[in-house]
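# A closer look at the structure
Listed below are the residues making up each chain.
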Amino acid sequence: MGSGEGGEKKALGWAARDPSGVLSPYSYTLRSTGPDDVYIKVICCGICHTDIHQIKNDLGMSNYPMVPGHEVVGEVVEVGTDVSKFTVGDVVGVGVIVGCCGRCKPCSSDLEQYCNKRIWSYNDVYTDGKPTQGGFADTMIVNQKFVVKIPEGMPVEQAAPLLCAGVTVYSPLSHFGLMSSGLRGGILGLGGVGHMGVKIAKAMGHHVTVISSSERKREEAMDHLGADDYVVSSDQAEMQRIADSLDYIIDTVPVFHPLEPYLASLKLDGKLILMGVINTPLQFITPLVILGRKVISGSFIGSIKETEEVLAFCKEKGLTSTIEVVKIDELNTAFERLHKNDVRYRFVVDVAGSNLVEEAATTTTK
């Protein structure tokens, strides 16, 4: 296929149909390729912890059937007549956002992820009224604004986690001016986002301390990921040792946890940057913030511009994700393992190399 705006297209993905979160084959219809659209054949897609929240309706906002997946890498097979950034054959990526209003302050500042009218890659409704579906599928159609080119020579399975986990770490480091060498940073939680935090921060020349709930990941953090220090959060003596020592902490923990121990680890003007999606209130005592002029902030993925930057940064520095590649028929098992933190450190689904068609693929929707 080349340039064109043909009719609606069939797609086959793996969808959750209820809060059990069990996924199975699902046929549906994509919109026709519009003037600004890119029609993409999916090659692979990473699995994010947020996918669990969505398929299980943990946030109370899930709509079914739902094809998850927002770390998508694929090949362009058709472009709309007004597409200027991409051509057929390009290897491209799609992240968490596929639409925005284009008029608000965040949009005009290239921070479309903070647009109040953002459109999610899945579990949302597009401007044409159709539900958006994600990357655990054979094809997607996405507006060119929300597509990025994968650097030449970067393995596709390595690129996928950068579209969410990688840019999620890179964005606050860039925004808060924390990219200079010599800084001392903490990474709280060593999962998919956390392990990229260690790698990216080390590549920036930071002294990196991993803070984890147990000794289990010490060897991995120090010997394989290159962290400079490792602290078990329940060890009061160790936490006291790092008190007032860190310029920032990237908090990736997606479940309730106290903030006071980590606020105490920050220097004057230190920043605790929250990234985990937690649906219960967190607590802290204000003197820990007031007496050190410390900042508690949130950060949400990154912009398209920052996604392009982190891809270029990782290509330049030779950074890779630590991944486990699975076929799509292993998707439910992968989600179960991710829920138990049984993965080093990101699952990537080999969509193109999988057989999406099974006898269960009998449901069709438009």
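Just so we're clear, the structure is a prediction, and the values are computed from it rather than from any experiment.

### Looking at the packing of aromatic side chains
Counted under the stated rule, the structure contains four aromatic pairs. Aromatic pair Tyr26 and Tyr28: ring centres 5.5 Å apart, planes at 20°, arrangement stacked. In this structure, Tyr26 and Tyr28 share a single accessibility class: buried. Pairing Phe136 with Phe335 gives two aromatic rings, centres 6.4 Å apart and planes at 90°, and the pair type is edge-to-face. Within this pair, whereas Phe136 is found in the loop between strand E7 (119-120) and strand E8 (139-143), its partner Phe335 is found in helix H11 (residues 331-339), the two being separated by 199 residues in sequence. Across this residue pair, the class does not change: Phe136 and Phe335 are buried. Cation over ring: Arg31 sits above Tyr126, and NZ or CZ is 4.1 Å from the ring centre. The lysine or arginine in question, Lys145, covers the ring of Phe146, its NZ or CZ lying 5.8 Å from the ring centre.

### Thoughts on the side chain of Ser171
Checked against the element boundaries, Ser171 lands in helix H4 (residues 165-175). Residue Ser171 is classed as buried on the basis of its relative accessible area, which comes to 4%. Within the structure, Ser171 has its side chain in polar contact with the side chain of Glu306 (distance 2.9 Å). What Ser171 contacts, discounting residues up to four positions off in sequence, is Gln113, Ser299, Ile301, Gly302 and Glu306.

### Quick look at the UniProt feature "domain: Enoyl reductase (ER)" (unreviewed entry) in the chain
The UniProt record annotates "domain: Enoyl reductase (ER)" (unreviewed entry) at residues 21-349. Secondary structure content for residues 21-349 is 25% helix and 26% strand, while the C-alpha to C-alpha distance between its ends is 17 Å.

### A word on the domain arrangement of the chain
Domain assignment breaks the chain into domain 1 (10-164 + 302-364) and domain 2 (166-298). With centres defined by C-alpha atoms, the gap from domain 1 to domain 2 works out at 28 Å. Each partner contributes residues to the interface: domain 1 has 26 residues there, and domain 2 has 23 residues. Contact between domain 1 and domain 2 buries roughly 2000 Å² in total, counting both sides, with carbon and sulfur atoms accounting for 58%. Applying the counting criterion to the domain 1 and domain 2 interface returns one salt bridge. A salt bridge links Glu220 to Arg344; the shortest N-O distance between them is 2.8 Å.

### Description of the pattern of salt bridges
Summed over all chains, the structure comprises 17 salt bridges. Note that Arg241 and Glu238 form a salt bridge whose closest N and O atoms lie 2.9 Å from each other. In this pair, Arg241 and Glu238 are both assigned in helix H7 (residues 236-241), three residues apart and thus about one turn of the helix distant. With a relative accessible area of 44%, Arg241 lands in the partly exposed category. When the shortest N-O distance is used, the salt bridge between Lys305 and Glu309 registers 2.7 Å. Note that Lys305 and Glu309 are positioned in helix H10 (residues 304-317) at a spacing of four residues, about one turn of the helix. Look at the salt bridges and you will find they share partners, linking Asp229, Glu238 and Arg241 into a network.

### A few points about the sheet that holds strand E11 (residues 207-212)
Taken in spatial order, the six strands line up as E12-E11-E10-E13-E14-E15 in an open sheet, and their pairing is parallel. Every interior strand has two partners, whereas the edge strands, strand E12 (229-232) and strand E15 (295-298), have only one. When strand polarity is set aside, the average angle formed by the axes of neighbouring strands in this sheet is 20°. Here strand E13 (residues 246-251) runs beside strand E14 (residues 266-274); their pairing, made up of five bridges, is parallel. Bridge pairing links Ile249 to Leu272 in E14. Helix-sheet contacts for helix H5 (residues 192-203) involve strand E10 (184-188), E11 and E13, and the interaxial angle to E11 is about 165°.

### Brief notes about the side chain of Thr209
Mapping Thr209 onto the fold places it in strand E11. Accessibility expressed as a relative area gives 2% for Thr209, which makes it buried. Those residues in contact with Thr209 that lie beyond four places of it in its chain are Gly185, Gly186, Ile187, Asp229, Val231 and Leu246.

### Some points on a nonpolar patch on the surface
On the surface, a nonpolar cluster with roughly 250 Å² of combined accessible area is contributed by Leu59, Met61 and Val277. Considering the arrangement of structural elements, one finds Val277 in the loop between E14 and helix H9 (287-290). The partly exposed category is assigned to Val277, whose relative accessible area is 32%.

### Re the packing of H4 against H5
The geometry of a pair of packed helices is captured by two quantities: the angle between their axes and the separation between those axes. Where H4 meets H5, the closest approach of the two axes is 8 Å, and the angle between their N-to-C directions is 50°. Taken together, the axis directions place H4 and H5 in an arrangement best described as oblique. Note that H4 runs across H5; the crossing there is right-handed. Two secondary-structure elements touch here, H4 through Ala165, Gly166, Thr168, Val169 and Leu173 and H5 through Gly192, Val193, Met196, Gly197 and Ile200. For the contact of H4 with H5, the class distribution of residues is six nonpolar, four polar and no charged.

### Some remarks on the pairing of strand E3 (residues 37-46)
Of all 10 residues in E3, eight are buried, a share of seventy percent or more. As judged from the five bridges shared by E3 and E8, these two strands associate in the antiparallel manner. The residue of E8 that forms the bridge with Ile40 is Met140.

What counts, and where the lines are drawn
- Residues numbered from 1 in each chain as written.
- Predicted model: local features only at pLDDT ≥ 70, side-chain atom pairs only at ≥ 80, totals over all residues.
- Heavy atoms only, no water.
- Phe/Tyr/Trp six-rings, centres within 6.5 Å; stacked < 30°, edge-to-face > 60°.
- Buried < 20%, exposed > 50% of the residue type's maximum accessible area, 1.4 Å probe, protein only.
- Helix = DSSP H or I, 4+ residues; strand = E, 2+ residues; numbered from the N terminus.
- Lys NZ or Arg CZ within 6 Å of the ring centre and 35° of its normal.
- Polar contact = N/O pair within 3.5 Å; in protein donor to acceptor, adjacent residues only side chain to side chain.
- Contact = heavy atoms within 4.5 Å.
- UniProt positions renumbered as here; feature names shortened; annotations may be inferred.
- Domains from an automatic or database assignment.
- Buried area = accessible area lost by both parts, 1.4 Å probe.
- Salt bridge = Lys/Arg side-chain N within 4 Å of Asp/Glu carboxyl O.
- Pairing = 2+ DSSP bridges.
- Axes fitted to C-alpha atoms, helices over the stretch in contact; angles between N-to-C directions.
- Patch = residues over 30% accessible without salt bridge, like charges linked within 9 Å, V, L, I, M, F, W, Y side chains within 5 Å.
- Areas by Shrake-Rupley, 256 points an atom, 1.4 Å probe, with all protein chains shown as cover.
- Parallel < 35°, antiparallel > 145°, perpendicular 65-115°, else oblique.
- Left-handed = near helix turned anticlockwise from the far one by under 90°.
- Nonpolar A, V, L, I, M, F, W, Y, C, P; charged D, E, K, R; others polar.

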